[in-house]
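Structural overview
Next come the chains, spelled out residue by residue.
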Amino acid sequence: MNGWPALDRFLRTDPRDVGCAQAMEMLHVYVDLVAAGGDAEERYPGIAAHLRACGPCGEDFAALLAAVRDAEG
Amino acid sequence: MIPVNSVVDEIPARLDPESAEWIRVLAVGPQREAALDRLHGMLLRIAQREARRRGPRMLIAGPELEDLAYQAAADALMAITGKLGQFRGESRFTTWAYRFVILEVSAKLGRHFWRRPDVPLGAEDWDRLPGRFGFEPARESEWRDLLAALRRAVDTELTARQREVFVAIVVNDVPLDALALRHGSSRNAVYKMMFDARRKLRAALAANGYLDDDDSGRS
């Protein structure tokens, strides 16, 4: 543990991270799995790692999940 | 980062009934126009909600924001109809379709960023980093050293391009999508550059005792 957790979190990289292109390519699949209560993180750890680290992709994930849940009422 | 082909596993061969119905009515026939109208309405609602949520941060509001939402919905609908044959049933059709409009809103807001009057060009505002990373004023004597070490690492460890991207995104708060547009690049390429920069900077700070020297590599 160090005294600068926010900086440490920001700089820490995850080798499983698939990058934006792959995460966005599979975003609809990942979101449907999350919306259905499935363990998306276990099934797609590389996408989960990316969505945690990438602000824009994380925001798109949250937006798509909200749209799906909203449509489900 | 891991190879591309390790992400996608099996693809369901059959569509769920609702998705199959969407594909059927959007393909050809008398119901197509009504289906397009319905889908456009759904896309527009999502675009408007997302634009209104993200707009204030990008200093865009009012009719301009509404126009952006309409454009995003229209462009998404065009992309969806053009790529209908590529829908493979890996998700529900609507989830696949909504992704297009979400990405359109992101891209259009990124383009809008450069029309803001306060866009930092050239200047480097390192004084905003303590706030960004939650450094407490009471510990300034400690984080002053850390910040100086970070700046040194940015100057000595990164390539010129990595430094430019790091400063724009982290120091000057330029959105990643906006930076990608500026460089004629992609979100993925800029992220990859930041990924490599983050790894190098963390290693440099750990080597100098500012961060834990572990290499678990997982957040």
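Residues numbered from 1 in each chain as written. Chains lettered and ligands numbered in written order. Predicted model: local features only at pLDDT ≥ 70, side-chain atom pairs only at ≥ 80, totals over all residues.

Here the focus is helix 2 (residues 32-54) of chain B. Under the 1.5 Å per step criterion, the end-to-end length of helix 2 of chain B is 32 Å for 23 residues, consistent within 8% with the ideal 33 Å. Residues of helix 2 of chain B that are buried include every one of Leu-39, Leu-43, Ile-46, Ala-47, Glu-50 and Ala-51 of chain B, and no others. Where the residues of helix 2 of chain B are buried, they touch helix 6 (55-72) of chain A together with helix 3 (62-82) and helix 4 (93-113) of chain B. (Helix = DSSP H or I, 4+ residues; strand = E, 2+ residues; numbered from the N terminus. Expected span 1.5 Å × (residues − 1). Buried ≥ 20, exposed ≤ 12 C-beta atoms within 10 Å, placed from the backbone. Contact = placed C-beta atoms within 7 Å.)

Quick look at the domain arrangement of chain B now. Residue and element names in this part refer to chain B. The domains assigned to chain B are domain 1 (12-113) and domain 2 (126-207). Relative placement of domain 1 and domain 2: their C-alpha centres are 34 Å apart. Taken together, the contact between domain 1 and domain 2 spans five residues of the former and four residues of the latter. Among the residues forming the side of domain 1 that touches domain 2, the class breakdown is two nonpolar, two polar and one charged. (Domains from an automatic or database assignment. Nonpolar A, V, L, I, M, F, W, Y, C, P; charged D, E, K, R; others polar.)

Attention now moves to the interface of chain A and chain B. Contacts between the two partners involve 42 residues from chain A and, on the opposite side, 38 residues from chain B. Contributing elements (two or more residues each) for the side of chain A that touches chain B: helix 1 (5-11), helix 2 (20-25), helix 3 (27-35), helix 5 (45-53) and helix 6 of chain A. Counting residues per element, the side of chain A that touches chain B draws most heavily on helix 6 of chain A, which supplies eight residues. By residue class, the composition of the side of chain A that touches chain B is 26 nonpolar, seven polar and nine charged.

Residue and element names in this part refer to chain B. Scored by pLDDT, chain B has a mean of 89; 90% of the residues are at 70 or more. Here residues 2-12 is a poorly scored stretch, pLDDT under 50, and it has 15 contacts once near neighbours within four places are set aside; other chains count. The ipTM, which scores confidence in the relative placement of chains, is 0.93 for this predicted complex, and the corresponding pTM is 0.89. (pLDDT = per-residue confidence, 0-100.)

Residue and element names in this part refer to chain B. By secondary structure assignment, the location of Gly-89 is in the loop between helix 3 and helix 4. Judged by the 16 C-beta atoms lying within 10 Å of it, Gly-89 is partly exposed. For Gly-89 and Leu-15, which are 74 residues apart along the polypeptide, the C-alpha to C-alpha distance reads 5.2 Å.

Attention now goes to the packing of helix 3 of chain B against helix 4 of chain B. Residue and element names in this part refer to chain B. Contact geometry of helix 3 with helix 4 gives a least axis separation of 8 Å together with a crossing angle of 135 degrees. Taken together, helix 3 and helix 4 sit at an angle that is classed as oblique. At the point where helix 3 passes helix 4, the crossing takes the right-handed sense. Listed contacts from helix 4 to Leu-68, Gln-71, Ala-72, Ala-73, Asp-75, Ala-76, Ala-79 and Ile-80 of helix 3 are Ala-97, Phe-100, Val-101, Glu-104, Val-105, Lys-108 and His-112. (Axes fitted to C-alpha atoms, helices over the stretch in contact; angles between N-to-C directions. Parallel < 35°, antiparallel > 145°, perpendicular 65-115°, else oblique. Left-handed = near helix turned anticlockwise from the far one by under 90°.)

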